[in-house]
Amino acid sequence: MQASRARNLDRNMEELEQEVQPDRLDSGPSQATASSRRVFAIIALLGLAFAGLFIYGYRHYLQRQRVVEAAASAAGESVPIVNVERVRRAPATAELILPGNIIPATEAYIYARAAGYVRHRQVDIGDRVREGQLLAQIEAPELDQQVQQ
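Residues numbered from 1 in each chain as written. Predicted model: local features only at pLDDT ≥ 70, side-chain atom pairs only at ≥ 80, totals over all residues. Heavy atoms only, no water.

**Re the overall build of the protein chain**
Secondary structure assignment for the protein chain yields 2 helices and 2 strands. In the protein chain, the succession of α and β elements from N to C terminus is α-β-β-α. By residue count, 1% of the 149 residues in the protein chain fall in the buried class. As displayed, the protein chain has an accessible area near 15800 Å², and 57% of this comes from carbon and sulfur atoms. (Helix = DSSP H or I, 4+ residues; strand = E, 2+ residues; numbered from the N terminus. Buried < 20%, exposed > 50% of the residue type's maximum accessible area, 1.4 Å probe, protein only. Areas by Shrake-Rupley, 256 points an atom, 1.4 Å probe, with all protein chains shown as cover.)

**A closer look at the pattern of salt bridges**
Within the structure shown, the criterion is met by 2 salt bridges. We note a salt bridge from Glu139 to Arg119, for which the minimum N-O separation is 3.5 Å. Here Arg119 lies in strand β1 (residues 117-121) and Glu139 lies in strand β2 (residues 136-139), a separation of 20 residues in the sequence. Relative accessible area serves as the criterion here: at 55%, Arg119 is assigned to the exposed category. Across the salt bridge formed by Arg121 and Asp124, the nearest N and O atoms sit 3.5 Å from each other. Accessibility expressed as a relative area gives 46% for Asp124, which makes it partly exposed. (Salt bridge = Lys/Arg side-chain N within 4 Å of Asp/Glu carboxyl O.)

**Things to note about the packing of aromatic side chains**
Per the counting criterion, the structure on display carries 2 aromatic pairs. Relative to Tyr58, the ring of Phe54 lies with its centre 6.1 Å away and its plane at 10°, an arrangement referred to as stacked. With Phe54 and Tyr58 both in helix α1 (residues 2-77) and 4 residues apart, this pair spans about one turn of that helix. Judged by relative accessible area, which is 54%, Phe54 ranks as exposed. In this structure Tyr58 comes out as partly exposed when scored by relative accessible area, which is 44%. In this structure an aromatic cluster arises from ring pairing among Phe54, Tyr58 and Tyr61. (Phe/Tyr/Trp six-rings, centres within 6.5 Å; stacked < 30°, edge-to-face > 60°.)

**Details of a negative patch on the surface**
Taken together, the side chains of Asp10, Glu14, Glu15 and Glu17 define an acidic patch exposed on the protein surface. When you line up the elements, Glu15 lands in helix α1. Under the relative-accessibility criterion, Glu15 is labelled partly exposed at 45%. (Patch = residues over 30% accessible without salt bridge, like charges linked within 9 Å, V, L, I, M, F, W, Y side chains within 5 Å. Lys, Arg positive; Asp, Glu negative; His and termini not counted. Charge placed at Lys NZ, Arg CZ, Asp CG, Glu CD.)

**Some remarks on the pairing of β1**
Counting buried positions over the 5 residues of β1 gives 0, only a small fraction of the element. With 4 bridges joining them, β1 and β2 adopt antiparallel strand pairing. Residue pairing across strands places Tyr117 opposite Glu139, the latter belonging to β2. (Pairing = 2+ DSSP bridges.)

**Details of the confidence of the model for the protein chain**
Confidence in the prediction of the protein chain, expressed as mean pLDDT, is 83, and 87% of residues score 70 or more. The secondary-structure element of the protein chain with the lowest mean pLDDT is α1, recorded at 82, while β1 shows the highest, at 88. (pLDDT = per-residue confidence, 0-100.)

**Here's the deal with the environment of Arg121**
Relative to the helices and strands, Arg121 is located in strand β1. Between the C-alpha atom of Arg121 and that of Ala136, which follows or precedes it by 15 residues, the distance is 4.3 Å. If sequence neighbours within four positions are ignored, Arg121 has contacts with Leu135 and Ala136. (Contact = heavy atoms within 4.5 Å.)

Written out as structure tokens, the structure reads:
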């Protein structure tokens, strides 16, 4: 029984192979040829488009180069432009300004704040004061030493 089943399976396989093979042979090369032709056509079109763009760009580059060369040639051959002024007498007195720096022989640094101690306070917080009134006396031994030097 198994042998007859195996024979039936073999026959069925052969019949299927015969049915499938003619389709493969007919459709195989034509499909491969058609797809390869499409690929070749696409590559050829891309190549032509690239070549066209390259030629277009190179033409414009050459045109600009010719314009630049013509302008340089014209500038080299042209007569230079010169400004002309009539000579006239200068005024009798003239102001002369020269650059320079003024540096003192002795320098004294002035600080807005001084380090030291409050010796005597004349007023308290909240007191009314007049213009020019002395508010406090500061004792600054470091500044006194600098002044003595």
